[in-house]
Amino acid sequence: MKKLSLLLMVALLSVATWAQSNVILSLNRAIFSTTYGEKWLRLSCCDNTDYVWSATSSKEAKTALLDTSQDSQLFCFVGNETDGFAIYNKVLGEAYKLTALSPCSHGEAASWTQDEAATWYLDTRFTEVGDKPGFGITTNKENQGMSLNMWGGNGGDLKFYSMSGAGSRWIVTQVDQQIVNKLSETRCKETQALNASSN
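Residues numbered from 1 in each chain as written. Predicted model: local features only at pLDDT ≥ 70, side-chain atom pairs only at ≥ 80, totals over all residues. Heavy atoms only, no water.

Novice: Any chance you could break down the overall build of the protein for me, citing the residues and the numbers?
Specialist: Within the protein, the regular secondary structure consists of 2 helices and 14 strands. The 199 residues of the protein split such that 46% are buried. For the protein, the exposed area adds up to about 10100 Å²; of that, 50% sits on carbon and sulfur atoms. (Helix = DSSP H or I, 4+ residues; strand = E, 2+ residues; numbered from the N terminus. Buried < 20%, exposed > 50% of the residue type's maximum accessible area, 1.4 Å probe, protein only. Areas by Shrake-Rupley, 256 points an atom, 1.4 Å probe, with all protein chains shown as cover.)

Novice: Residues and numbers for the pairing of strand S12 (residues 146–150), please.
Specialist: Counting buried residues along S12, 5 of its 5 residues qualify, which places the element largely inside the surrounding structure. Summarising the sheet, S12 and strand S13 (residues 158–162) pair through 5 bridges and their orientation is antiparallel. Residue pairing across strands places Met146 opposite Ser162, the latter belonging to S13. (Pairing = 2+ DSSP bridges.)

Novice: Residues and numbers for the side chain of Ser168, please.
Specialist: Assignment of secondary structure puts Ser168 in the loop between S13 and strand S14 (170–175). Residues in contact with Ser168, not counting those within four places in the same chain, are Phe135, Gly136, Ser147, Leu148, Asn149, Tyr161, Ser162 and Met163. (Contact = heavy atoms within 4.5 Å.)

Novice: Account for the pattern of salt bridges, naming residues and giving values.
Specialist: One pass over the full model with this rule turns up 3 salt bridges. Where Asp157 meets Lys62, a salt bridge forms, and the shortest distance between an N and an O atom there is 2.8 Å. In this pair, Asp157 sits in the loop between S12 and S13 while Lys62 sits in strand S5 (residues 61–65), placing the two residues 95 residues apart along the sequence. Residue Asp157 is classed as partly exposed on the basis of its relative accessible area of 27%. (Salt bridge = Lys/Arg side-chain N within 4 Å of Asp/Glu carboxyl O.)

Novice: Break down the side chain of Ser72 for me, with residues and values.
Specialist: Along the chain, Ser72 falls in the loop between S5 and strand S6 (75–80). When residues no more than four places from it in sequence are discounted, the contact partners of Ser72 are Trp53, Ser54, Ala55, Asn89 and Val91.

Novice: Explain the environment of Ser33 residue by residue, including any values.
Specialist: On the secondary structure map, Ser33 appears in strand S2 (residues 32–33). Under the relative-accessibility criterion, Ser33 is labelled buried at 1%. Sequence separation between Ser33 and Ala86 is 53 residues, and the spatial gap between their C-alpha atoms is 9.8 Å. Not counting residues within four places of it along the chain, the set of residues in contact with Ser33 comprises Glu38, Lys39, Cys76, Phe77, Val78 and Gly79.

Novice: I'd like a rundown of the environment of Gln144, residues and numbers included.
Specialist: Relative to the helices and strands, Gln144 is located in the loop between strand S11 (136–138) and S12. Judged by relative accessible area, which is 22%, Gln144 ranks as partly exposed. Sequence separation of Gln144 and Pro103 is 41 residues, and the distance between their C-alpha atoms is 9.2 Å. Excluding anything up to four places from it in sequence, Gln144 contacts Tyr121, Leu122, Asp123, Arg125 and Thr138.

Novice: Mind laying out the nonpolar core, listing which residues take part and the relevant values?
Specialist: With 32 residues, the main nonpolar core has Trp53, Ile87 and Trp120 as its most contacted residues. Listed by contribution, the elements that provide at least two residues to this core are strand S3 (40–45), strand S4 (51–55), S6, strand S7 (84–89), S12, S13 and S14. Listed in part, the 7 residues of the second largest apolar core include Trp40, Leu74, Ala86 and Tyr88. (Core = buried A, V, L, I, M, F, W, Y, C linked by side-chain atoms within 4.5 Å.)

Dropping the structure here:
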């Protein structure tokens, strides 16, 4: 319990420097949505919190440098901790789900699909370790230990690797929806102003 409290305190201090109002989620169920878009999440790597999950315009599952203005770095977990969940990206929308082989294996990449997708699960075995604690995200409900990894750092594919490596552990942060909406409105107004000035 002391380790979990320390983890939460350290995580909250690191998040305080971000430009958005975020909450580190200590309870697994707090990150799950019942419908698409209910809660938006950011996934930062425990090995280097400047690296986050991202979806590219070519529909690849990658890591990228943290940029709080990018909707491509926001995800929604629809489901629950017992039965598993689907993973969506804000930019790709409800039509695309993250998928991978199940059971997963070392080096296997995740990808986006409009077809039947894998069911995802949280692996909590490393949430209370002393060095770089975080969640594993896997397609293995049983015999876990493999998680998506920031393979190659910035711009690397999300691929499976052992959770013994901190690059396979993730800090899940819920993003304040009001701030997300304001950022989207601001970007829209900036684009409109730019378009008007170029005419």
